[in-house]
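Here are the chains, one letter per residue:
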Protein chains: 2
Amino acid sequence: MVRLIDVPTLQRFVAQRGIERVLAELADAIEAAYARWDEFDKSPRHATHFEHGVIELMPVADARRYACKYVNGHPGNPQHGRMTVAALGILSDVESGYPILVSEMTLLTALRTAATSALVARHCARQDTSTLALIGTGAQSEFQTLAIGNERPLRQIRFYDVDPAAMEKYALNMSEQNLELVPCDSIEQAVSGADLVSVATAIKDRQSLLTTAMLRPGMHINAVGGDCPGKTELDSAVLPECDIIVEYEPQTRIEGEIQGSDHQVTEFHEIVRGRRPGRLSEDSITLFDSVGFALEDHAALNWLYEHLTRATDVDLIPDAHDPRDLFAMLQPPTYGRAASF
Amino acid sequence: MVRLIDVPTLQRFVAQRGIERVLAELADAIEAAYARWDEFDKSPRHATHFEHGVIELMPVADARRYACKYVNGHPGNPQHGRMTVAALGILSDVESGYPILVSEMTLLTALRTAATSALVARHCARQDTSTLALIGTGAQSEFQTLAIGNERPLRQIRFYDVDPAAMEKYALNMSEQNLELVPCDSIEQAVSGADLVSVATAIKDRQSLLTTAMLRPGMHINAVGGDCPGKTELDSAVLPECDIIVEYEPQTRIEGEIQGSDHQVTEFHEIVRGRRPGRLSEDSITLFDSVGFALEDHAALNWLYEHLTRATDVDLIPDAHDPRDLFAMLQPPTYGRAASF
C-alpha cells in the first residue's frame, strides 16, 4: 500500500498544526538534510520544455529514501484559472524500491520554499534584522513573511507589487499578524531601510528589479524568483557586491541569478556544516540565489511522511502472492488458479 | 482532479476486456506512437543506483501529453515476498502542465513489454512462425505467449526454466490455451526447431544462454531480459549473426545486449515508418534487443487514460480560487478570508 496525501488532507494538517510551526519544522528538517549533504545522490533536475511551459523531475536520494518531485511551470496558466506551478511528490523506500508516499506538492513546495529562505536567513541575515522588504506579493509572500518571522525579530514589512490587487491580498492575509505593514509605491521605496529584501516575482524575463543603488551594508537579499534559464530579477551589477549563497552550484549556474556568470559562490551546506560563516562581517551583503533544490523536497516529503500518518492508503503496488506470476493477477476470479482480487 | 488507477481497478479492467484484446490494443497503440517517432521529446532514463537495486525515471512527451514512469529493479525483493520490479505512472497535459492520471504501472509494464515484443514480431518474424521457444517462464512468459499469439499462428510452445516450479506455473496458466505445450530439459532442446525464441530471465549477470550453435536461418529472437548494464543473456558471438533491432539506440547501447559493442543496429521506428523492411530475407536472423523505452509507457498510459474512464478522481492539485493566494488555502476555515476547504 502507498500512502496518498491529497490537497484537503494537507490543508487540514497544516491548518491544525499551524503554519508558523510547520514552517519552523520544515526549516529544521531542511537544515538537517543539508547537514548530511554528502549522503545524498544529487543531480540537476530533468527539464522538458514545451511551447507553453516546462515540466521537470527533481529526484534525490540518500541511503534510506528516494524522493522525486514532478513540477510544471506554465506562466500562462493563471489566465485560465490555473496555477503557474503545480507539483506531485513520490517518496520511496530505497531498500525495496517500493513507493511509500504519493503526495500533493503544490502547497508543500510553497511551504518548503519559504522554509528554505528562512533557514538561509537563520545563518546569513544579521541578528538584528527587523525590517523586511517584499518585492512581489504573490503566492510566496505570506509564507516568506511568517517563515522569516520565525527566525528574526521582524517588526516592519515594506511591500510592493506591480498589481495593487496582489498588495491588497497580502495586506488582508497578514492583517492579524503583529507587524507594521507598509505598502509602497515602488521597489526603491520598499527596499529603503530594509535589513532583508525578499524578491519573488513571476515575470519570465531578465529583469533589473534590484540595482546597486538600493544596496546597503549588512543587507541580506533573498532572491527567490530567478529560477529558470532566461529568468532573473537582479541587475547583474548587484552580484559582485554580494557574498552569493546557492543551494547546488551545478543547478544554480543553469537557473539562478548567476546563470551565465562566473561569480564565485558558496554552497549553503558549507555554512550549515560550519565550514565557513554565513556572514563574513556585519557589513557584508549576503545574497541567497534560491532556485529550489530536490534536497528540500526530500526533507519536506520525509517530514510529511513522519508526521501526517492519518491519510488514505491506496493499492498502487501489487501484493504478489508469487512475484513471478503477474499473469494470475490479471485473470477473472473464476479463471484458472486463484487470482488476487 | 487527477484520475487514480490502482491495482484492483486495472485488474478488473483487464480481466473484463480480456488479456488478448488488451495486448492487441496496446501493440496497436505502441505502433502508432513509434510511427510518430519524431514528434516525441526523448531522453535516456534517469537511473539512481543503490546497494540493493536501482530506481529509474522514464520521461517522454509529445506536444499533447507528458508521461513519466517511476520504476525500480531490486533483484533481492522476491526473497522478501516483493516483486523485483514495481512501477508507477504519471500522465500529464502538456498545455497546462497539470497531471491528469496517476496509475499503477507494474502490471501495465508487464503488458506493454509483451505488446512491444509482439509488435516487433509483427514486423520482423516470419509470417509462418508457428513454434515459439520460451527461455525463462517467469512473469513475462504468459504475456509473451498470448501477445505473440495475436500476431502469428502459434501452435507449439517449447519452454524451459531453471526452476521447475516456474515451468509448472506457466503450464498451468496456459493450460486452457489451444497450444501444444512442450516442457524441455534444456535451452538447446527448447530452441530446437523454434521459429521465434523469446528470452526473458532474471539473472543479473552476463550470460550466454543462447549460442551460435542454436541459431537457424529465418529465426526471430526476442531478447527481453538483457536490460541493464552488466546484464545480458546472449553469447556475444550471436550478435554479428543477426539483424539487430533496438528501440532507442542511445539507451540500448547502455543497457541492452549490444552494451559495450559497436554492432550496427536499426531503430524500430525506421521499420514502422517503412524506411526499411523488418526482415531483409526469409533466411535472415532478426534480433529484437528489447530494454523497454519510455515511448511504450507513454502509449500505454494514453491508451489506459482513453479507455479506463471509470476510476477514482483524487484531489492532488489545488483548485486555486486565486492562483496567487495559496496562503488562504492553508488557513483554518474560520480564519481571515474564506479558505477552500
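Keep in mind that what you see is a predicted model, and the values were worked out from it rather than measured.

1. Quick look at the overall build of chain A
The number of helices and strands found in chain A is 10 helices and 17 strands. Taking 2.2 N^0.38 as the reference for a compact globule, 341 residues should give roughly 20 Å; the C-alpha atoms of chain A span a radius of gyration of 22 Å, in line with that estimate. The buried share of chain A, taken over its 341 residues, is 65%. Expressed as a percentage of contacts within chain A between residues at least 6 apart in sequence, the contacts between residues at least 24 apart total 68%. For chain A, the computed accessible surface area is about 12200 Å², with 47% contributed by carbon and sulfur atoms. Charged side chains of chain A number 30 positive and 49 negative; the gap between the two group centres comes to 4 Å.

2. Let's talk about the sheet that holds strand 15 (residues 266-267) of chain A
Think of a sheet as strands paired side by side through backbone hydrogen bonds, with each pair either parallel or antiparallel. All names here are of chain A. Spatially, eight strands are ordered 9-8-7-10-12-16-14-15 in an open sheet, and the strand pairing comes out parallel. Looking at which strands have only one partner, the edges of the open sheet turn out to be strand 9 (180-183) and strand 15. In this structure, strand 10 (residues 196-199) lies alongside strand 12 (residues 220-223), joined through four bridges in parallel fashion. Its bridge partner lying in strand 12, leucine 196 is registered against histidine 220. Sheet contacts for helix 5 (residues 164-173): strand 7 (131-135), strand 8 (156-160) and strand 9; angle to strand 8, the most-contacted strand, approximately 160 degrees.

3. Examining the pattern of salt bridges
Residues and elements named next belong to chain B. Under the counting rule described, the total for this entry stands at 40 salt bridges over all chains. Its salt-bridge partner being aspartate 38, residue arginine 273 comes within 2.9 Å of it at the nearest N-O pair. Of this pair, arginine 273 sits in the loop between helix 8 (268-272) and strand 16 (286-289) while aspartate 38 sits in the loop between helix 2 (19-35) and strand 2 (46-49), and the two are 235 residues apart along the sequence. Overall, arginine 273 belongs to the partly exposed group, its relative accessible area being 21%.

4. Concerning the interface of chain A and chain B
Contacts between the two partners involve 83 residues from chain A and, on the opposite side, 85 residues from chain B. Here chain A meets chain B over a buried area of about 7400 Å², counting both sides, of which 71% is carbon and sulfur. It is Arg324, Phe327 and Leu330 of chain A that lose the most area in chain A upon contact with chain B, and together they represent 11% of the buried surface on that side. Where chain A meets chain B, there are zero salt bridges. At the boundary of chain A with chain B, the tally comes to 22 residue pairs in polar contact (both at pLDDT 80 or more). With seven residues, helix 1 (residues 7-17) of chain A is the largest single contributor of residues to the side of chain A that touches chain B. Its residues assigned to classes, the side of chain A that touches chain B comprises 48 nonpolar, 20 polar and 15 charged.

5. A look at the environment of arginine 45 of chain A
All names here are of chain A. Within the element layout of this structure, arginine 45 appears in the loop between helix 2 (19-35) and strand 2 (46-49). Spatially, the C-alpha atom of arginine 45 lies 7.0 Å from that of proline 59, the residues being 14 residues apart in sequence. Polar side-chain contacts of arginine 45 include one of 3.0 Å to the backbone oxygen of valine 291. Within polar-contact distance, the side chain of arginine 45 engages the backbone oxygen of glycine 292 at 3.4 Å.

6. Concerning the side chain of aspartate 195 of chain A
Residue and element names in this part refer to chain A. Within the secondary structure, aspartate 195 sits in the loop between helix 6 (187-191) and strand 10. The exposure class assigned to aspartate 195 is buried, which follows from its relative accessible area of 14%. When near neighbours in sequence (up to four residues on either side) are disregarded, aspartate 195 contacts Asp128, Thr129, Ser130, Thr131, Arg216, Gly218, Met219 and His220.

7. A closer look at the sheet that holds strand 17 (residues 312-314) of chain B
Residues and elements named next belong to chain B. Judged by pairing direction, the sheet is mixed, and its seven strands sit side by side in the order 2-3-4-5-6-1-17 without closing on themselves. Only two strands of the sheet have a single neighbouring strand rather than two, namely strand 2 and strand 17. Pairs of neighbouring strands in the sheet enclose a mean axial angle of 20 degrees, with direction left out of account. Judged from the five bridges that link them, strand 5 (residues 87-93) and strand 6 (residues 99-104) form a sheet pairing that is antiparallel. Within strand 6, the position partnered with glycine 89 by the bridge is serine 103. Running over the sheet, helix 3 (residues 106-124) touches strand 3 (54-61), strand 4 (65-73), strand 5 and strand 6 and is turned about 85 degrees from strand 6.

8. Observations concerning the relation of the copies chain A and chain B
The two copies are related by a screw operation: chain A maps onto chain B through 180 degrees of rotation and 0.0 Å of translation along the axis, at an RMSD of 0.0 Å. Here the copies are linked by what is in effect a two-fold axis. Counting the interface residues of chain A, we find that 100% of their copies in chain B are interface residues as well, pointing to one common contact surface.

9. Some details on the packing of helix 2 of chain B against helix 9 (residues 294-307) of chain B
A packed helix pair is summarised by two numbers, namely the angle formed by the two axes and the spacing between the axes. All names here are of chain B. For the pair helix 2 and helix 9, the least separation of the axes is 9 Å and the interaxial angle reads 125 degrees. Accordingly, the angle class assigned to the pair helix 2 and helix 9 is oblique. Here the hand of the crossing between helix 2 and helix 9 comes out right-handed. Of helix 9, the residues touching helix 2 (which contributes Val22, Glu25, Leu26, Ala29, Ile30, Ala33 and Tyr34) are Leu295, Glu296, Ala299, Ala300 and Trp303. Class assignment for the residues of the contact of helix 2 with helix 9 results in 10 nonpolar, no polar and two charged.

10. Structural notes on the domain arrangement of chain A
Residue and element names in this part refer to chain A. The domain boundaries assigned to chain A delineate domain 1 (2-107 + 295-319) and domain 2 (117-292). Across the domain 1/domain 2 interface, buried area totals approximately 1900 Å², and carbon plus sulfur atoms make up 60% of it. For the domain 1 face of the interface with domain 2, the top three residues by lost area are Tyr34, Trp37 and Arg45, together amounting to 29%. The partner of arginine 45 in a salt bridge is glutamate 255, and the shortest N-O contact between them spans 2.5 Å. In this structure, the connection of domain 1 to domain 2 is made through nine residue pairs in polar contact (both at pLDDT 80 or more). It is helix 2 that provides the largest number of residues to the side of domain 1 that touches domain 2, a total of 10 residues. Class assignment for the residues of the side of domain 1 that touches domain 2 results in 11 nonpolar, one polar and seven charged.

11. What about the packing of aromatic side chains?
The way to describe two aromatic rings as a pair is by their centre distance and the angle between their planes. The full count for this structure, using the stated rule, is 20 aromatic pairs over all chains. Here the aromatic rings of tyrosine 34 of chain B and tryptophan 37 of chain B are separated by 5.7 Å at their centres, their planes lie at 10 degrees, and the arrangement is stacked. Each member of the pair, tyrosine 34 of chain B as well as tryptophan 37 of chain B, carries the same accessibility label: buried. Seen from their ring centres, tyrosine 248 of chain B and phenylalanine 293 of chain B are 4.7 Å apart, and the 25 degrees between their planes marks the pair as stacked. With tyrosine 248 of chain B in the loop between strand 14 (243-246) and helix 7 (249-255) and phenylalanine 293 of chain B in the loop between strand 16 and helix 9, this residue pair connects regions lying 45 residues apart in the sequence. Taken individually, tyrosine 248 of chain B and phenylalanine 293 of chain B each receive the classification buried, so the pair is uniform in this respect. Aromatic rings pair up to connect Tyr34, Trp37, Tyr248, Phe268 and Phe293 of chain A into one cluster.

12. What to know about the pairing of strand 12 of chain A
Residues and elements named next belong to chain A. Taking every second residue as pointing to the same face, both faces of strand 12 are buried, with His220 and Asn222 on one and Ile221 and Ala223 on the other. When strand 12 meets strand 16 (residues 286-289), the two strands line up parallel, connected through four bridges. Each bridged residue has a counterpart across the sheet, and for alanine 223 the counterpart in strand 16 is aspartate 289.

Rules of the game
- Throughout this document, residue positions are counted from 1 along each chain, in the order its sequence is written.
- Chains carry letters from A onward and ligands carry numbers from 1 onward, assigned in written order.
- At least 70 in pLDDT is required for a residue's local features to be given in this predicted model, at least 80 for side-chain atom pairs to be given and counted, and no such filter applies to totals for whole chains, interfaces and linings, which use all residues.
- For the side-chain quantities, the full set of heavy atoms in the structure was used; hydrogens and water were omitted.
- Strands are runs of DSSP state E lasting at least two residues, helices are runs of H or I lasting at least four, and both sets are numbered from the N terminus onward.
- Radius of gyration means the value over C-alpha atoms here, while the globule rule gives 2.2 Å times the residue count to the 0.38 power.
- Relative accessibility thresholds used throughout: buried, under 20% of the residue-type maximum; exposed, over 50%; partly exposed, between the two (1.4 Å probe, protein chains only).
- We call two residues in contact when some of their heavy atoms are within 4.5 Å.
- To be clear on the numbers: accessible area is Shrake-Rupley with a 1.4 Å probe, and residue cover counts the displayed protein chains and nothing else.
- In this charge count, Lys and Arg are treated as positive and Asp and Glu as negative; neither His nor the chain ends contribute.
- Each charge is placed at NZ for Lys, CZ for Arg, CG for Asp and CD for Glu.
- Any two strands with at least two DSSP-identified bridges between them are counted as paired.
- Inter-axis angles, ranging from 0 to 180 degrees, are taken between N-to-C directions of lines fitted to C-alpha atoms, where helices are fitted over the stretch in contact.
- Salt bridges are defined as contacts in which a side-chain nitrogen from Lys or Arg sits within 4 Å of a carboxyl oxygen from Asp or Glu.
- We define buried area as the total accessible area lost by two parts upon association, computed with a 1.4 Å probe and summed across both.
- Contacts described as polar in this section are N or O atom pairs within 3.5 Å, which, within protein, must combine one atom able to donate a hydrogen with one able to accept it, while residues neighboring in sequence count only if both atoms come from side chains.
- Charged residues are taken to be Asp, Glu, Lys and Arg, nonpolar residues to be Ala, Val, Leu, Ile, Met, Phe, Trp, Tyr, Cys and Pro, and polar residues to be all remaining types, Gly included.
- To line up the copies, we fit them by least squares on C-alpha atoms, keeping just the residues with pLDDT of at least 70 in both.
- We call two directions roughly parallel when the angle between them is under 35 degrees, roughly antiparallel when it is over 145, roughly perpendicular when it lies between 65 and 115, and oblique otherwise.
- By definition, turning the near helix anticlockwise from the far helix through less than a right angle yields a left-handed crossing, and turning it clockwise yields a right-handed one.
- Boundaries between domains were set according to an automatic or database domain assignment.
- Here is the rule: rings of Phe, Tyr and Trp (six-membered ring for Trp) pair when centre to centre is within 6.5 Å. Planes less than 30 degrees apart are stacked, more than 60 are edge-to-face, and the remainder are tilted.

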